[in-house]
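Residue-level structure breakdown
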Amino acid sequence: MVGLKEELLKSIWHAFTALDLDRSGKVLSHNLCTVLNVPHDPVALEEHFRDDDEGPVSNQGYMPYLNKFILEKVQGNFDKVEFNRMCWTLCAKKNLSKSPLLISDEDAFKVWVIFNFLSEDKYPLIIVPEEIEYFLKKLTEAMGAGWQQEQFDHYKIALNTSREGLSAWELIDLIGSGQFSKGMDRQTVSMAINEVFNELILDVLKQGYMLKKGHKRKNWTERWFVLKPNIISYYVSEDLKDKKGDIILDGNCCVEALPDKDGKKCLFLIKCFDKSFEISASDKKKKQEWIQAIQTTVSLLRAGSPPPHKEARQKRKELRQKLLAEQEELERQMKELQTANENKQKELETVRKQLEAAAARAAEEEKKRLQTQVELQDRFSLELEREKMVRQKMEEQVAQKSSELEQYLQRVRELEEMYKQLQEALEDEKQARQDEETVRKLQARLLEEESAKRAELEKWHLQQQQTIQMTEAEKQELENQRMIKEQALQVAMQQLEQLELERKEALEQYEEVKKKLETAANNTKSWKDKVAHHEGLIRLIEPGSKNPHLITNWGPAAFTEAELEQRQKSWKGKKSTSE
């Protein structure tokens, strides 16, 4: 009921601001009671509108009466279009632009109602650029045209530079000017406005012609179906004048496709608690669209969610509120930073004044120093006149004094620089004192450790002296051993040279023997070739076989019995071949 009350207040606000409340407040209240189906309370009406300090223009105002005697009694059983039309009638004549528009008064009324739906919940009512873009996109989509984002961006920039949004009458002028519907005729624009009005205001999720099967006569009749969040109404035609019935939807309803039968195609069935409805769409695409739309509606009913366009509007508002809160937080942080910056500037100004005071004191000191210098020079001049005999000595003294004076000036400049640094060092003085105390404790501990280390080092020094004395004796002994080893090394070198000579002699003998062996091998090879032709007579002497050898008159044979048998077979074969 809170959302309904806010929607009603927007339309009433337009009528309220357009009327002279002293003369027409009673008329507005009477009309509201009539269209909202609220019982009249003439006594309360006259009491509130009596002509004294407690009347409608008093501190009580009109809103307490409106809330208490009208809006709190609204039950929702009223025609929203009729209510909006009554409020439109009261405010349109005064506020509607006199310049000609490309839309009719009926279309202007629908744009006004859509404005109330999309406007912000603050007064005076305006529609922000984001909602204008949403509305224009819906219109462009309904007209079948392409959305011109760049054109709207230019319009949005121009709008943001002057104000936050548009009033209802400025929105009507924008739509009626045709700025975002160029190339479209009046009928197309009117149909698009009507389609958006049906969706956003009348909660029409889908509508169109389909065939419905009767429950009694079982005949098929064409009806104009209108799908809303909890009901499907069907009419004789799309003018919605002759309503034939309703299909009440709830979370238990379901829809399913049916096969073609009885010459009807694209069938689907809507099952409700007490009835089922057979419907035939014009084609498969329309059938699927209707099934999907009805299933989505039933799912929303089960979840208790509002219609998609209302849920989307709520999400857009929440997003804008979130962005506004973030912007306010950013502005708050910027103010804090600005305050901190101003405080810092004041601190810097204080430091600057302190520096200027210090510079003034330094200038005063410099003036006194110059005055002192002049006095000294005068005194030195008098002394020079009096003591002419020691002029050279005095000149040296003056030179020395001049040098000291230059050092003094340098010291003064250093002091001035140190004074500037002193201002910066004041911030670190506290920390330095703490660090100094820490360092003192650390130095005391280090002194204790140093004393212990020094005692330990003295002990090590004594041990090193004793070790050095022992090392001297060992060094002498090692020197003797080194001399002995050097002598042994010389003897070994001599032996090595002797072995080198013997190796060279052995190599020469090896070369001679190698040459003899090569000569003998060549001779043996030629001898073997000769023996190969007389193999039966002579056999080379080779290592003997492990088998027993034959014994001849001349001693052991050069071959075994098996070899002899083999040779005999070979000789016999050659003999038979020759015969």
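Scroll up for the structure.
Below or above, wherever it landed, is the structure these notes cover. (Residues numbered from 1 in each chain as written. Predicted model: local features only at pLDDT ≥ 70, side-chain atom pairs only at ≥ 80, totals over all residues. Heavy atoms only, no water.)

Details of a negative patch on the surface
A contiguous patch of negative charge, built from Glu364, Glu365, Glu416, Glu417 and Glu424, is present on the exposed surface. Where the negative patch is concerned, the elements lending two or more residues are helix H12 (308-386) and helix H13 (391-532). In terms of residue count, H13 provides more of the negative patch than any other element does, 3 residues in total. When you line up the elements, glutamate 417 lands in helix H13. (Patch = residues over 30% accessible without salt bridge, like charges linked within 9 Å, V, L, I, M, F, W, Y side chains within 5 Å. Areas by Shrake-Rupley, 256 points an atom, 1.4 Å probe, with all protein chains shown as cover. Salt bridge = Lys/Arg side-chain N within 4 Å of Asp/Glu carboxyl O. Lys, Arg positive; Asp, Glu negative; His and termini not counted. Charge placed at Lys NZ, Arg CZ, Asp CG, Glu CD. Helix = DSSP H or I, 4+ residues; strand = E, 2+ residues; numbered from the N terminus.)

Looking at the side chain of asparagine 198
If you trace the backbone, asparagine 198 turns up in helix H10 (residues 186-200). Looking at asparagine 198, the relative accessible area reads 9%, which means it is buried. The residues contacting asparagine 198, other than those within four sequence positions of it, are Asp203, Val204 and Gln207. (Buried < 20%, exposed > 50% of the residue type's maximum accessible area, 1.4 Å probe, protein only. Contact = heavy atoms within 4.5 Å.)

Description of the sheet that holds strand E5 (residues 254-258)
Taking strand neighbours across the sheet as the criterion, the 7 strands line up as E4-E3-E2-E1-E7-E6-E5 in an open arrangement whose pairing is antiparallel. With partners counted over all chains shown, the strands left at the sheet margins are strand E4 (243-248) and E5, one partner each. Sheet twist, expressed as the average angle between the axes of neighbouring strands with direction ignored, equals 35°. Alignment of strand E3 (residues 231-235) against E4, held across 5 bridges, turns out to be antiparallel. Considered in E4, the bridge of serine 233 is made with aspartate 246. (Pairing = 2+ DSSP bridges. Axes fitted to C-alpha atoms, helices over the stretch in contact; angles between N-to-C directions.)

As for the nonpolar core
Within the largest apolar cluster, 63 residues are counted, with the highest numbers of intra-cluster contacts made by Leu32, Leu36, Trp112 and Ile172. Ranked by residue count, the leading element in this core is helix H6 (residues 105-118), at 9 residues. With near-sequence residues (within four places) excluded, tryptophan 112 lies in contact with Ser11, His14, Asn84, Cys87, Trp88, Cys91, Ala168, Trp169 and Ile172. Counting residues in each nonpolar core, the second largest holds 21 residues, with Val255, Cys266, Ile291 and Ile294 among its members. (Core = buried A, V, L, I, M, F, W, Y, C linked by side-chain atoms within 4.5 Å.)

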